[in-house]
Amino acid sequence: MNKEQLEKIKTGKGFIAALDQSGGSTPKALKDYGVAEDQYNSEDEMFKLVHDMRTRIVSSPAFTSDKIIGAILFEQTMDREVEGKHTGDYLADKGIVPFLKVDKGLDEQKDGVQLMKPIPDLDELLQRANDHKIFGTKMRSNILELNKDGIDLVVKQQFDIGKQIISAGLVPIIEPEVNINAENKDQIEAYLAESILTELNKLNEDQLVMLKLTIPTNANQYKSLIEHPNVVRVVALSGGYSREDANNLLKENDNLIASFSRALINDLNVNQSEADFDKILGDTIDSIYDASVNKNA
C-alpha cells in the first residue's frame, strides 16, 4: 500500500471521480455523451469510444488533483493508455489516486437485494491491479427493500471479498448502494449502518476499508462509520439524483465526500469544442468539490 496515497485519500480535500461504467452501462454512458449505438459495430469499438471519452476527461486541464483526490476505473481502462502511460500511472503522476472496479455485476433480486455475481480470477485481477499501481478497488451491491436478512447478506459478501482484497495489499471500497426510490429508505440506511458497523468491529487493526454509500435521507446517518478507525474514508454515490440535488444533499453530511459518476459526466458531449468541454467539466468539478468540502454545519 502506498502510504502517500493512503494519506491523500484519508485527509485530502476533494472528491473521487467514478469513471467505471462497464459493459452493461457503457452504451447508456456513450449515448448520454452523444455517441449513438449505430456509431459502433462491436464491443471492442464501444470500449475504444468510451476510453476516448475517459481520456478526454482525465487529460482535461480541469481534471486536477487540487479538487479530485481519486478516480475509479473500469478494468479495460486500467489496461489501456492515456498519453503513452497506463491509465493508473497517468493518474498517479497527476497526483490522483487510482482505484479499480472489480465486481462483475449484480445477481437477480432476492430477499430485497441484489448480491454481486461471483468474481472469477479475482486474485489474478488484483495482481494486475498491483502491477498497474492501483491503490484500491470498488464493488457494488444493490439494496431495494427493508429486508434485514438480505441486507446482512449484502454486507457479509462485501466484507468477505473485501478481506481478500486487503490480503492483496489493496484498499477495498465497499459499496452497498441503497436505491434512492426504495420504500423506507431511511430505515434501510439505519439498519445498513448497524450491519456495516458489526462487520467493521470484526476487522483487525490493520485491515482498512472505504465505504461508498447512497447519500442518506437523515443527515449524518453514517457518522459512526466515518469515525471508525478501520475506515479510511466514506464517499457518496449520486445514485440517480440530479447533480444539483446530490450536491445539496451531500452538503448536509459532515465529512462525507462525493464519488459521483452520472452527476460528473452528464453534461459532457463528444461534439463540444475543447474549450466548451473543459469549461463544463471544470464547472461541474467545482460544484461537486464545493459540496464535498463546504458543509452547512
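In the block above lies the structure referred to throughout.
Owing to the predicted nature of the structure, the values given are computational and were not obtained by experimental measurement.

In contact at an axis separation of 10 Å, helix α7 (residues 148-167) and helix α8 (residues 185-200) are set at 40 degrees when each is read in the N-to-C sense. By the angle class used here, α7 and α8 are oblique. For the pair α7 and α8, the sense of crossing is right-handed. Only Ile-188, Tyr-191, Leu-192, Ser-195, Ile-196, Glu-199 and Leu-200 of α8 make contact with α7, whose side of the interface consists of Lys-148, Ile-151, Asp-152, Val-155 and Phe-159. Its residues assigned to classes, the contact of α7 with α8 comprises 8 nonpolar, 1 polar and 3 charged.

This part covers the packing of helix α6 (residues 122-131) against α7. The interhelical angle for the contact between α6 and α7, taken along N-to-C directions, is 45 degrees, at an axis separation of 10 Å. The pairing of α6 with α7 is recorded here as oblique in orientation. Seen along the crossing, α6 lies across α7 with a hand that is right-handed. Residues Leu-122, Asp-123 and Leu-126 of α6 lie in contact with α7, whose contacting residues are Ile-161, Gln-164 and Ile-165. Here the residues of the contact of α6 with α7 are counted per class, giving 4 nonpolar, 1 polar and 1 charged.

Moving on to the layout of surface pockets. Counted as a void, the largest pocket has a volume near 740 Å³. What lines the largest pocket is a set of 30 residues, among which Gln-21, Ser-25, Arg-140, Ser-261 and Arg-262 lie closest to the centre. Of all the secondary structure elements, the ones that give two or more residues to the lining of the largest pocket are α2 (26-32), β7 (136-143), β8 (171-178) and α11 (262-265). No other element matches the 3 residues that α2 contributes to the lining of the largest pocket. For the lining of the largest pocket, a count of residues per class yields 6 nonpolar, 12 polar and 12 charged.

Evaluated as defined, the whole model comprises 21 salt bridges. The salt bridge partner of Asp-20 is Lys-138, with a shortest N-O separation of 2.8 Å. In this pair, Asp-20 is assigned in the loop between β1 (15-19) and α2 and Lys-138 in strand β7, connecting sequence segments 118 residues apart. Since its relative accessible area comes to 7%, Asp-20 is described here as buried. For Asp-267, the salt bridge goes to Arg-243, with nearest N and O atoms at 2.5 Å. Separated by 24 residues along the polypeptide, Asp-267 in the loop between α11 and α12 (274-293) and Arg-243 in helix α10 (residues 243-251) bring together distant segments of the chain. Using a relative accessible area of 38% as the deciding quantity, one classes Asp-267 as partly exposed.

Here we come to empty space enclosed by the protein. Counting across every chain of the model gives 1 cavity of 30 Å³ or more. In terms of lining, the largest cavity is formed by Asn-220, Gln-221, Tyr-222, Ile-226, Asn-253, Asp-254 and Leu-256. A breakdown of the residues in the lining of the largest cavity according to their chemical character gives 3 nonpolar, 3 polar and 1 charged.

What follows deals with the pairing of strand β2 (residues 68-73). Most of β2 is tucked away: 6 of the 6 residues are buried. Inspection of the sheet shows β1 paired to β2 by 5 bridges, in the parallel sense. Residue Ala-17 lies in a different strand from β2, and its bridge partner there is Ala-71. Across 4 bridges, β2 lies against strand β5 (residues 97-101) in parallel orientation. Residue pairing in the sheet places Leu-73 in a bridge with Leu-100 of β5.

Note on backbone geometry: most residues besides glycine have negative phi, and most peptide bonds are trans. Despite not being glycine, Asp-121 shows a phi value in the positive range, around 60 degrees. Along the chain, Asp-121 falls in the loop between β6 (113-114) and α6. One non-glycine residue with positive phi stands out, namely Asn-184, at about 60 degrees. With respect to the helices, strands and loops of the structure, Asn-184 is situated in the loop between β8 and α8. A relative accessible area of 32% places Asn-184 in the partly exposed class.

Once that is clear, we can look at the nonpolar core. With 77 residues, the main nonpolar core has Ile-57, Phe-63, Leu-192, Ile-196 and Leu-264 as its most contacted residues. If one sorts the elements of this core by residue count, α7 sits on top with 7 residues. Apart from residues lying up to four places away in sequence, Leu-264 is in contact with Phe-15, Ala-17, Leu-19, Leu-281, Thr-284, Ile-285 and Ile-288. Of all hydrophobic cores here, the second largest spans 16 residues; its members include Leu-6, Ile-16, Met-210 and Val-235.

Reading guide: rules and limits
Residues numbered from 1 in each chain as written. Predicted model: local features only at pLDDT ≥ 70, side-chain atom pairs only at ≥ 80, totals over all residues. Heavy atoms only, no water. Axes fitted to C-alpha atoms, helices over the stretch in contact; angles between N-to-C directions. Helix = DSSP H or I, 4+ residues; strand = E, 2+ residues; numbered from the N terminus. Parallel < 35°, antiparallel > 145°, perpendicular 65-115°, else oblique. Left-handed = near helix turned anticlockwise from the far one by under 90°. Contact = heavy atoms within 4.5 Å. Nonpolar A, V, L, I, M, F, W, Y, C, P; charged D, E, K, R; others polar. 1 Å grid on protein atoms, 1.4 Å probe; cavity = no way out; pocket = protein on both sides within 12 Å on 5 of 7 lines; lining within 4 Å. Points joined across faces, edges and corners; volume = space filled by probe spheres on them. Salt bridge = Lys/Arg side-chain N within 4 Å of Asp/Glu carboxyl O. Buried < 20%, exposed > 50% of the residue type's maximum accessible area, 1.4 Å probe, protein only. Pairing = 2+ DSSP bridges. Core = buried A, V, L, I, M, F, W, Y, C linked by side-chain atoms within 4.5 Å.

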